[in-house]
Amino acid sequence: MEWSSEAGAVMRKVPFFVKKRVRKKVEEYVAGQGRGTVTVDDVYAVKKGYMENLEKEVAGFRVENCFGPGGCPNRAGPDEDLAGCIESLLAGADLRGFLKKTVNGPLKFHHEFTVTLADCPNACSRPQIRDIGIIGAAVPGLTDNPCSMCGQCAEICKEDAVSLDENRQMPQIDVSRCLDCGQCPGVCPTQTIETIQRCYKILLGGKLGRHPRLAQPLPGCYDADEVLDIVKRCVDFYKKHSTGGKRFAQLAAESGPELMAALADLIHDPKKG
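This structure is a prediction, so every number in the text was calculated from the model and none was measured. (Residues numbered from 1 in each chain as written. Predicted model: local features only at pLDDT ≥ 70, side-chain atom pairs only at ≥ 80, totals over all residues. Heavy atoms only, no water.)

Draft legend 1. Representation of the overall build of the protein within the structure. Per the secondary structure count, the protein includes eleven helices and nine strands. Expressed along its principal axes, the backbone C-alpha trace of the protein runs to roughly 70 × 50 × 30 Å. The buried share of the protein, taken over its 273 residues, is 44%. Long-range contacts, defined here as pairs at least 24 residues apart, represent 67% of the contacts in the protein between residues at least 6 apart. Accessible surface, the protein as shown: approximately 14,800 Å² in total, 51% of it carbon and sulfur. Averaged over its 36 positive side-chain charges, the protein has a centre that lies 10 Å from the centre of its 36 negative ones. (Helix = DSSP H or I, 4+ residues; strand = E, 2+ residues; numbered from the N terminus. Buried < 20%, exposed > 50% of the residue type's maximum accessible area, 1.4 Å probe, protein only. Contact = heavy atoms within 4.5 Å. Areas by Shrake-Rupley, 256 points an atom, 1.4 Å probe, with all protein chains shown as cover. Lys, Arg positive; Asp, Glu negative; His and termini not counted. Charge placed at Lys NZ, Arg CZ, Asp CG, Glu CD.)

Okay, structure coming up:
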């Protein structure tokens, strides 16, 4: 659908955390009238109705991703509908009903439990500032295939995590620098470096607002079933401890050890092998 320049200018002023939702509602409004171009009057009309019914728009949770299935050219994680599975899980948790019982006053978007997925470590969807951030990962490893020492792996790595060992005639991967983006296996002509695992990294407890906090990473990398289990346990923890609309990020900061204890049997701690 086309947008007039004036309508686009107004949309650019909409806060980023509701921009996608507002844009969708505007386009649905225009399509419902049988038109294909959004005008500035359409934006204002939808905005008026949106603000008048703001509390009804609060679903209790929000799941976002960057490009979606098949859309990210740098996709590192598994190709599966994890976002859809998380949406179903959160819908079943009746978070809106929970918020209605615990929040003093009308519901607002900042009360919602937020989960964001990113297809690769570029993290375009900003998972670092969400209650739960999930980042696709492609873990590289070395095979027994002889290396041609072409240097493409070291050249493509933006983190300087790959180097060539002239004595061993093999690449070396510095795991302390590697972000598991999957780029080096993709350019290796001899398959000396290959992807040994596609999985998800998880960040917990991020938010913006007056007291911003970056989400903190769980050690290790997780498959889809483990991610869903972690999300469920975090939601259970949130519903058990949140009062008065207290955010999950605040709970994670205040009750870090207790939250980690609830996830202990799932955490892949590299130090424990």
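Draft legend 2. Broad picture of the sheet that holds strand S8 (residues 193–204). Reading across from one edge, S3-S4-S5-S8-S9 is the order of the five strands in this open sheet, with mixed pairing throughout. Each edge of the open sheet carries a strand with a single partner, namely strand S3 (61–65) and strand S9 (216–217). Where S8 lies against S9, two bridges are found, and the strand directions are antiparallel. Residue Leu203 lies in a different strand from S9, and its bridge partner there is Pro217. Its contacts with the sheet put helix H5 (residues 82–92) on S3, strand S4 (113–118), strand S5 (132–142) and S8, and the angle it makes with S3 is roughly 180°. (Pairing = 2+ DSSP bridges. Axes fitted to C-alpha atoms, helices over the stretch in contact; angles between N-to-C directions.)

Draft legend 3. A look at empty space enclosed by the protein. This model, assessed by the stated rule, comprises one cavity of 30 Å³ or more. Roughly 60 Å³ of internal volume is contained in the largest cavity. Broken down by class, the residue content of the lining of the largest cavity amounts to ten nonpolar, five polar and no charged. (1 Å grid on protein atoms, 1.4 Å probe; cavity = no way out; pocket = protein on both sides within 12 Å on 5 of 7 lines; lining within 4 Å. Points joined across faces, edges and corners; volume = space filled by probe spheres on them. Nonpolar A, V, L, I, M, F, W, Y, C, P; charged D, E, K, R; others polar.)

Draft legend 4. Spotlight on helix H9 (residues 224–241). An ideal rise of 1.5 Å per residue puts 26 Å on 18 residues; H9 measures up with 26 Å between its terminal C-alpha atoms. Of the residues making up H9, those classed as buried are Ala224, Glu226, Val227, Leu228, Ile230, Val231, Cys234, Val235, Phe237 and Tyr238. (Expected span 1.5 Å × (residues − 1).)

Draft legend 5. Spotlight on the packing of helix H6 (residues 95–102) against H9. With their axes 11 Å apart at the nearest point, H6 and H9 run at an angle of 15° to one another. Judged on the interaxial angle alone, H9 and H6 are roughly parallel. The way H6 lies across H9 gives a crossing that is left-handed. From H6, Leu95, Phe98 and Leu99 reach across to H9, where they touch Val235, Tyr238 and Lys239. Tallied by class, residues from the contact of H6 with H9 come to five nonpolar, no polar and one charged. (Parallel < 35°, antiparallel > 145°, perpendicular 65-115°, else oblique. Left-handed = near helix turned anticlockwise from the far one by under 90°.)

Draft legend 6. Region of the structure containing the pairing of strand S6 (residues 162–165). Here S6 runs beside strand S7 (residues 170–173); their pairing, made up of four bridges, is antiparallel. When the bridges of S7 are listed, Asp165 appears paired with Met170. Count of turn residues in the S6/S7 antiparallel hairpin: four residues, of which Gln169 carries a positive phi of about 55°.

Draft legend 7. Here's a closer look at a negative patch on the surface. Among the surface-exposed residues, Asp79, Glu80, Asp81, Glu87, Asp223 and Asp225 lie close enough to one another that they form a single negatively charged patch. Within the secondary structure, Glu87 is located in helix H5. (Patch = residues over 30% accessible without salt bridge, like charges linked within 9 Å, V, L, I, M, F, W, Y side chains within 5 Å. Salt bridge = Lys/Arg side-chain N within 4 Å of Asp/Glu carboxyl O.)

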